[in-house]
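Residue strings, one per chain:
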Amino acid sequence: RNAKGTFYVTLNELMNRNSVIEDILSSGNEIGIHYQVSTEYPETFSSVCNYLNSWKKYAEWAYDIDSSLVFVTNSDLNDELEEAVHVSDCQIIKNTLLVVRNEDKDLDLDHIQDAMDRLSNVRLMRGGFVFFNTNFYANDKDADYNSVIGAVLDAYMDQYVDTAAYRNVSGEIE
């Protein structure tokens, strides 16, 4: 489909999934920062600043990239986290719609339409941000091809996306 996107990855994924990151970048996509609350990086001002600094330094060193977009789930958002992102010269991106649902954890390729039917009454406005957790589906843990997440993305694009526009890091709309 030649659509480009921003893939938000955690610091752990950035450091340990080199071939996946390289594939994303070589396909013309961008990498953004996914901050996820953890015991190592709790949602305190100094911890979030450390996380963002570590992410940015490693991304520059390993992949020669920079990102200022920080994806944070709406449930993780608080004042300290917002301030840390701001002083780190970054911008928070929040999801408008979370496509994955707990009831779909064991979804398989034969039942993709069932998951899409549950979204039939959802419509996004211009600028809507849809979050797909690419490590969610149990049946994808060992899949190299024909993954559930790939089928969900294809079905979602076919059924619910009329027009896709994307602003790249230079600010140009593609």
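All figures in this text were calculated on a predicted structure; none of them were measured in a lab.

**A few points about the overall build of the protein**
And then number 1: Assigned secondary structure in the protein consists of 6 helices and 6 strands.
And then number 2: Moving toward the C terminus, one meets the helices and strands of the protein in the order β-α-α-β-α-β-α-β-β-α-β-α.
And then number 3: Of all 174 residues assigned to the protein, the portion counted as buried reaches 36%.
And then number 4: Accessible area for the protein stands at about 11000 Å²; split by element, carbon and sulfur atoms hold 44% of it.

**Considering the sheet that holds strand 3 (residues 69-71)**
And then number 1: Within the open sheet, the 4 strands sit side by side as 1-2-3-4. Their pairing is parallel. Looking at the sheet topology across the chains shown, the edges are occupied by strand 1 (6-9) and strand 4 (91-93). Pairwise comparison of adjacent strand axes, ignoring direction, gives a mean angle of 40° for this sheet.
And then number 2: Where strand 3 lies against strand 4, 3 bridges are found, and the strand directions are parallel.

**Looking at the nonpolar core**
And then number 1: Of all hydrophobic cores here, the largest spans 24 residues; its most connected members are Leu-14, Ile-31, Tyr-35, Tyr-51, Trp-55 and Val-70.
And then number 2: The biggest single contributor to this core is helix 3 (residues 45-63), with 8 residues.
And then number 3: In terms of nonpolar packing, the next biggest core, distinct from the first, is built from 8 residues, Ala-115, Val-148, Val-152 and Tyr-156 among them.

**Examining the packing of helix 2 (residues 18-26) against helix 3**
And then number 1: Remark: helix 2 packs on helix 3, axes separated minimally by 12 Å, with the N-to-C direction vectors making an angle of 75°. Comparing their axes, helix 3 and helix 2 come out roughly perpendicular. From helix 2, Asn-18, Ile-21, Glu-22 and Leu-25 reach across to helix 3, where they touch Tyr-58, Ala-62 and Tyr-63.
And then number 2: For the contact of helix 2 with helix 3, the residue count by class is 5 nonpolar, 1 polar and 1 charged.

**What to know about the packing of aromatic side chains**
And then number 1: Taken as a whole and assessed by the stated rule, the structure comprises 5 aromatic pairs.
And then number 2: Aromatic pair Tyr-8 and Phe-71: ring centres 5.8 Å apart, planes at 40°, arrangement tilted. Of the two residues, Tyr-8 is situated in strand 1 and Phe-71 in strand 3; the sequence distance between them amounts to 63 residues.
And then number 3: You can call Tyr-8 buried: its relative accessible area is 16%.
And then number 4: Where Tyr-58 meets Tyr-63, the ring centres are 6.4 Å apart and the plane angle is 70°; that geometry is what we call edge-to-face.

**Considerations on helix 4 (residues 79-87)**
And then number 1: The complete set of buried residues in helix 4 reads Leu-81, Ala-84 and Val-85. The buried residues of helix 4 all sit within an arc of 100° when viewed along its axis, so they share a single face. Counted as exposed and oriented over 90 degrees from the buried face of helix 4: Asp-79 and His-86.
And then number 2: Among the structural elements, helix 3, strand 3 and strand 4 are those in contact with the buried residues of helix 4.
And then number 3: Taking the backbone nitrogen of Glu-80 as reference, a side-chain oxygen 3.0 Å away marks Asn-78 as the first, capping residue of helix 4.
And then number 4: Downstream of helix 4 by a residue or two, Asp-89 has a phi angle that is positive, lying close to 60°.

**A short note on the environment of Asp-89**
And then number 1: Its place among the elements puts Asp-89 in the loop between helix 4 and strand 4.
And then number 2: Taking the C-alpha atoms as reference, Asp-89 lies 6.8 Å from Ser-68; in sequence the two are 21 residues apart.

The rules behind each value
Residues numbered from 1 in each chain as written. Predicted model: local features only at pLDDT ≥ 70, side-chain atom pairs only at ≥ 80, totals over all residues. Heavy atoms only, no water. Helix = DSSP H or I, 4+ residues; strand = E, 2+ residues; numbered from the N terminus. Buried < 20%, exposed > 50% of the residue type's maximum accessible area, 1.4 Å probe, protein only. Areas by Shrake-Rupley, 256 points an atom, 1.4 Å probe, with all protein chains shown as cover. Pairing = 2+ DSSP bridges. Axes fitted to C-alpha atoms, helices over the stretch in contact; angles between N-to-C directions. Core = buried A, V, L, I, M, F, W, Y, C linked by side-chain atoms within 4.5 Å. Parallel < 35°, antiparallel > 145°, perpendicular 65-115°, else oblique. Contact = heavy atoms within 4.5 Å. Nonpolar A, V, L, I, M, F, W, Y, C, P; charged D, E, K, R; others polar. Phe/Tyr/Trp six-rings, centres within 6.5 Å; stacked < 30°, edge-to-face > 60°. Arc of directions from axis to C-beta. Polar contact = N/O pair within 3.5 Å; in protein donor to acceptor, adjacent residues only side chain to side chain.

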